[in-house]
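Examining the three-dimensional arrangement
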Amino acid sequence: MRIYSLNQFLSIGLLLVLFLVIPTESVKSYLFKKCDESSFCHRNRFFANSIKSLGDSNYKPIYKIDPDSFDIDIIRSSFKGDIIKTLNDGQTEVVLPFEVNILKDNNIRLRIDELNRINGKIQVDNNRLTKRRFNEAYKYAFKDNGNVELLDKDVELKFEKFDDRLELTYGKNLENCLKIFYYPFKLVTYLDDKEVAVINDRNFLNVEHWRQRQENDTLNLSPEETDFNLFHDSFKDSKNDKLPFGPESIGLDVSLLQIDTVFGLAEHSSMNLQLKDTSETDPYRLFNVDIFEYETESQFPMYGSIPFIMGVREDYSVGVFWVNGADTWVDVNKIYDGDDVNEQRQQQQQQVLSSKKEKKTSTHWMSENGIIDLVIMVGKTPSEVNSKYGLVTGFTKLPALFSLGYHQCRWNYNDEEDVLNVHQNFDIYNISYDTIWLDVEYTDSKRYFTWKDQLFSDPIGMVNTLDETGRNLVVIIDPHIKADYFLSEEIEKRGIGIANSDNEKCYHGHCWPGESVWIDTFNPKAREYWITLFKNSTTGNNFIGSASNIHIWNDMSEPSIFNGPETSAPKDLVHYGGWEHRSIHNIYGLTFHEATYEALQLRFANENKRPFILTRSFYSGSQRTVAMWTGDNRSKWEFLKLSIPMNLNQGIVNFPFSGSDVGGFFGNPSKDLLTRWYQTGIFYPFFRAHAHIDSRRREPWLIGEPYTSIIRDLIDLRYKLLPVLYTAFYENSINGLPIMKPVFYEHPENPETYSIDDEFFLSDSGLLAKPIVEENCVQTDIYFPDDEIYYNFFDYSDHIQDGPKRYTIDKVSLETLPLFIKGGNILTTKERHRRSTRLMKYDPYTLTVALDKENNFAKGKLYIDDGETFNHESSNDYLIAQFEYSNNQLKSSIFTKDNSNQPLVQSLNTIKIEKIKIIGSKLKYKSKKAKVSQDGKEWEVDLIDNSDHYVVRNPGVVVGKQWIITPVV
Ligand code: NOJ
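Residues numbered from 1 in each chain as written. Predicted model: local features only at pLDDT ≥ 70, side-chain atom pairs only at ≥ 80, totals over all residues. Heavy atoms only, no water.

By the naming in an unreviewed UniProt entry, the chain goes by Glucosidase II subunit alpha and is assigned to Pachysolen tannophilus NRRL Y-2460. Quoted straight from UniProt, the Pathway (unreviewed entry) entry for the chain says "Glycan metabolism; N-glycan metabolism." Regarding the chain, the UniProt comment filed under Sequence similarities (unreviewed entry) reads as follows: "Belongs to the glycosyl hydrolase 31 family." (UniProt positions renumbered as here; feature names shortened; annotations may be inferred.)

Quick look at the structure:
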């Protein structure tokens, strides 16, 4: 019999109560604040609404720049000064120092702080708290711990002072301009003489300055302000929040001009990729929470937050990055010819509205505290904005290749026998997979870094067996640490846990293990200690031996606290550095997974292996080190559909290593749904099947024929496409290009593409997919965004042209997967079935040349490294092959970086291209032979006419060398 401790008993009781009292079919919305229940959201919206109702002419703005305060430093491309906020008495002035920087690649950064808080001229009851406003979000979000690169020295920068403004012009050809207006305070950015974005366009700037806890009548509030909950919180479990600084929120609006299409603000669940107008709803909320059983359409907060919006129009795109890790709400308002438009009107009048001359999207950002820190990026295209955002926050590191294979997970694989059985079945059923996962039940009563010994008596033997065929194990490690064993004792003893507000002791709350403490990974000492736990030494916590095929899953790090306010941590808890949890809430998950990453990196230092970590909670910058998934979805068709826009949005916000639980987490998918989910899942950058503990087993062989075979073929397709996918990751790692790429990235000049959120390209490969996500589908259609030719990927049968247009696909069966290659592209695949990615390493390649509509051009790129080590970074051990077909000739050019003696690059001199297929709608070669040249030698091969395409088998060329193939004329 299982024996429960009192704590376990209490937390199980708590869960039972939650299950019984609450219907299980929907999100527990009453647990989370609405804007009107969130004091600062309410106040900032009230402020904005009052200004709107007064109208521009009647409103007297209360913020202005003091032009005498300017301090200009051209070398640091920095412009400092003071913004003065005048209070209602017309006399009291609050000084808000600001700084504008022009960063590398013309990104603009604005920061606004509060002088009294900088100088510490405030009184706070709790002397453990730092008096400043939190100004370090950038250290976590930006790459290199916040070391931002400023404008290059050789880029021109000029400034001119006028009576009402300061003007800066900058850029290679002085093509950018920024005007800083003094009163009312505004920043206007220009691109090629066009106004593109205005900061504080609508005067919603609001910095709630520090003031003594006091009676309402002495608050000196202006008429557009409200005293709603200034010094207390009245929401459910948040009532105990001590709010030691009183009201300290910040708000600011940024208008994107001539734009009414905006994306971003991950993570939210919405069937539409585009953000909606929020005039009639709550704003979007960014506040990392364990959003149990979320819905398919809502502005509710979710597990992760990326405060980044991208506005797109035909000739330019703009990114706004709000660098703040506190609870944040964002209103999105579309405004046409000066009028706010609610969503209903917008839909009814879409046509009329878009044709109107003046349009803009106003984004209103509201955070509970911290400084205003904001970066604006302007580019000609959405991809350019991604690349600029990546310059600030860093790009995704190339993941270990195995992590792009198929992952098999469920809550839980029960014991070693179970794990090895599942493992063997993959081979018995001839299905490729790379990784099997263990959820929380592998531990001794949810004590991380331990095993449930009776069930896992030889974990190392188990992982060694997996390793024989190149398979890996991922185990879960969460940040809540059960309050009864060495780990929590160490955390308490070392003072490295998240602390209570009224004493320095660790905060205790409830999560899976029952009573727990939370490691404070903001504390360098906590990270140092965390690292020791993963060491493969004899520290006593050596729970994964020296195996190097074990990787980590970090879950519940929002942090999820079952008995905490809004299922998370009380906001007045205290972190390292004297910062309240309120200031860093959305960043906590990032510090936790970065600590784990560092730990694994050190653990694998000798083997020089890339760690793999999956997180549920994230923040801007998370993309640098980990993958994410979209949390607890459901086994329902609408969640399959939802997974496409959610994963596409992850690409738009530069965190593309994403996926959704294949099959759905809660519930039991029908056979059709499960099969269709694999059809979509093979395109998720992170491809993992996962299921709730109460769901029925659904490993691919259990579902039976014909489903198992369909799924096997789909997984095979994923493995075949790995060279394309890995090259996509490479592109992303250098320029931020999404991996699942929304169609509008291919054609931002075609506004019809802005509302396509059910199909996507795979990076720049030319592959266009529109997985079927409807039940009983017999017919579907796909939008081709240009007049290029598109070939059916599987049989080259359809030659669709004369777009942009929708094309109907009839006779849809469960096997049908609408997947097309756009003419003009060359795909590289590995076609042999293997058990795992490691076993594919030396397999030959196949090239598919899909000619453009004129039948005379195609190009493709292939990036290869060892997929395992950091040698591509440390010794340039990688290769890029570029293929080009033109003038009836196929050519491979090799780009390497002085690295021909590196082991991987050398091995590529023997890896063959085993097949070349050439597809063209009207392609007719007169010859049956082709001439091949490589290394100064020439030979002839057969050019086989397969009626709809030509094939060259075994041309004798290798992937690591340059070669040319020409049909003999
Ligand atoms: C919540 C996660 O979202 C889910 O995937 C996991 O199975 C459970 N925690 C148990 O660890």
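The number of helices and strands found in the chain is 20 helices and 51 strands. Taken over C-alpha atoms, the radius of gyration comes to 29 Å for the chain, in line with the 30 Å a tight globule of 969 residues would show. Counting all 969 residues of the chain, 65% fall into the buried class. Considering only residue pairs separated by 6 or more positions, the chain has 72% of its internal contacts joining residues 24 or more positions apart. For the chain, the accessible surface area stands at approximately 35,000 Å², while carbon and sulfur atoms represent 47% of it. Mean positive and mean negative side-chain charge positions of the chain (109 and 140 charges, respectively) differ by 3 Å. (Helix = DSSP H or I, 4+ residues; strand = E, 2+ residues; numbered from the N terminus. Rg over C-alpha atoms; globule rule 2.2 N^0.38 Å. Buried < 20%, exposed > 50% of the residue type's maximum accessible area, 1.4 Å probe, protein only. Contact = heavy atoms within 4.5 Å. Areas by Shrake-Rupley, 256 points an atom, 1.4 Å probe, with all protein chains shown as cover. Lys, Arg positive; Asp, Glu negative; His and termini not counted. Charge placed at Lys NZ, Arg CZ, Asp CG, Glu CD.)

Let us look at empty space enclosed by the protein. Counted according to the given criterion, the structure contains 13 cavities of 30 Å³ or more. Size it by volume and the largest cavity reaches roughly 440 Å³. Lining the largest cavity we find 28 residues, and of these Leu401, Thr837, Lys841, Asp866 and Gly867 sit closest to its centre. Secondary structure elements with two or more residues in the lining of the largest cavity: α17 (722–735) and β43 (857–865). Sorting elements by how many residues they give to the lining of the largest cavity places β43 first, with 4 residues. In terms of residue class, the lining of the largest cavity is built from 14 nonpolar, 6 polar and 8 charged. (1 Å grid on protein atoms, 1.4 Å probe; cavity = no way out; pocket = protein on both sides within 12 Å on 5 of 7 lines; lining within 4 Å. Points joined across faces, edges and corners; volume = space filled by probe spheres on them. Nonpolar A, V, L, I, M, F, W, Y, C, P; charged D, E, K, R; others polar.)

Taken together, 13 residues sit near the ligand, with Asp439, Asp555, Arg616, Asp632 and His690 positioned nearest. A distance of 2.5 Å separates an oxygen atom of the ligand from a polar side-chain atom of Asp439. In this structure, Arg616 approaches the ligand through a side-chain N or O atom, which is 2.8 Å from an oxygen atom. Protein chains shield 98% of the accessible area of the ligand, which is 300 Å² for the free molecule. Looking at the shell around the ligand residue by residue, the classes come out as 8 nonpolar, 1 polar and 4 charged. (Near = heavy atom within 4 Å. Polar contact = N/O pair within 3.5 Å; in protein donor to acceptor, adjacent residues only side chain to side chain.)

Evaluated as defined, the whole model comprises 1 disulfide. Here Cys35 engages in a disulfide with Cys41; their sulfurs sit 2.1 Å apart. The sign of the S-S torsion, about -100°, decides the handedness of the disulfide formed by Cys35 and Cys41: left-handed. The same class applies to Cys35 and to Cys41, which are both buried. Considering cysteine sulfurs only, Cys511 is the nearest to Cys409, which forms no disulfide, with 17 Å between them. (Disulfide = S-S within 2.5 Å.)

What follows is about the UniProt feature "domain: Glycosyl hydrolase family 31 C-terminal" (unreviewed entry) in the chain. The positions that UniProt labels "domain: Glycosyl hydrolase family 31 C-terminal" (unreviewed entry) are, in the present scheme, residues 736–827. Strand forms 34% of residues 736–827 and helix 4%; the C-alpha atoms that close the span are 21 Å apart.

The next thing to look at is helix α8 (residues 416–428). For α8, with 13 residues, the first-to-last C-alpha span of 18 Å sits near the 18 Å given by 1.5 Å per residue. Check the buried side of α8 and you find it contacts β20 (406–408), β21 (435–438) and α9 (459–468). Just past α8, the residue Asn430 takes up positive phi, approximately 60°. (Expected span 1.5 Å × (residues − 1).)

The probe, sized like a water molecule, is rolled over the atoms to show the empty space still left. Taken as a whole, the second largest pocket spans an internal volume of roughly 910 Å³. Considering the residues around the second largest pocket, the lining is formed by 34 residues, among which Lys143, Asp144, Lys397, Arg624 and Thr625 are closest to the centre. Looking at the lining of the second largest pocket, the elements with two or more residues in it are α4 (137–141), α11 (524–534), α13 (588–603), α17 and α19 (871–874). With 6 residues, the single largest contributor to the lining of the second largest pocket is α13. When we break the lining of the second largest pocket down by domain, the ones giving at least three residues each are domain 1 (35–393) and domain 2 (827–967). (Domains from an automatic or database assignment.)

With that out of the way, let us pick up the sheet that holds strand β40 (residues 819–822). Each strand in a sheet pairs with its neighbour through backbone hydrogen bonds, running either in the same direction (parallel) or in the opposite one (antiparallel). Spatial strand order, β33-β34-β35-β40-β37-β38: 6 strands in an open sheet with antiparallel pairing. A strand with exactly one partner marks an edge of an open sheet, and here the two such strands are β33 (740–742) and β38 (799–800). Note that strand β35 (residues 767–769) and β40 share 3 bridges and pair antiparallel. By the bridge assignment for β40, Leu767 is matched with Ile821. This element, helix α14 (residues 637–652), spans β33 and β34 (760–762) of the sheet and lies at about 90° to β33. (Pairing = 2+ DSSP bridges. Axes fitted to C-alpha atoms, helices over the stretch in contact; angles between N-to-C directions.)

All right, on to the domain arrangement of the chain then. Splitting the chain by domain gives domain 1 (35–393) and domain 2 (827–967). Relative to domain 2, the C-alpha centre of domain 1 lies at a distance of 49 Å.

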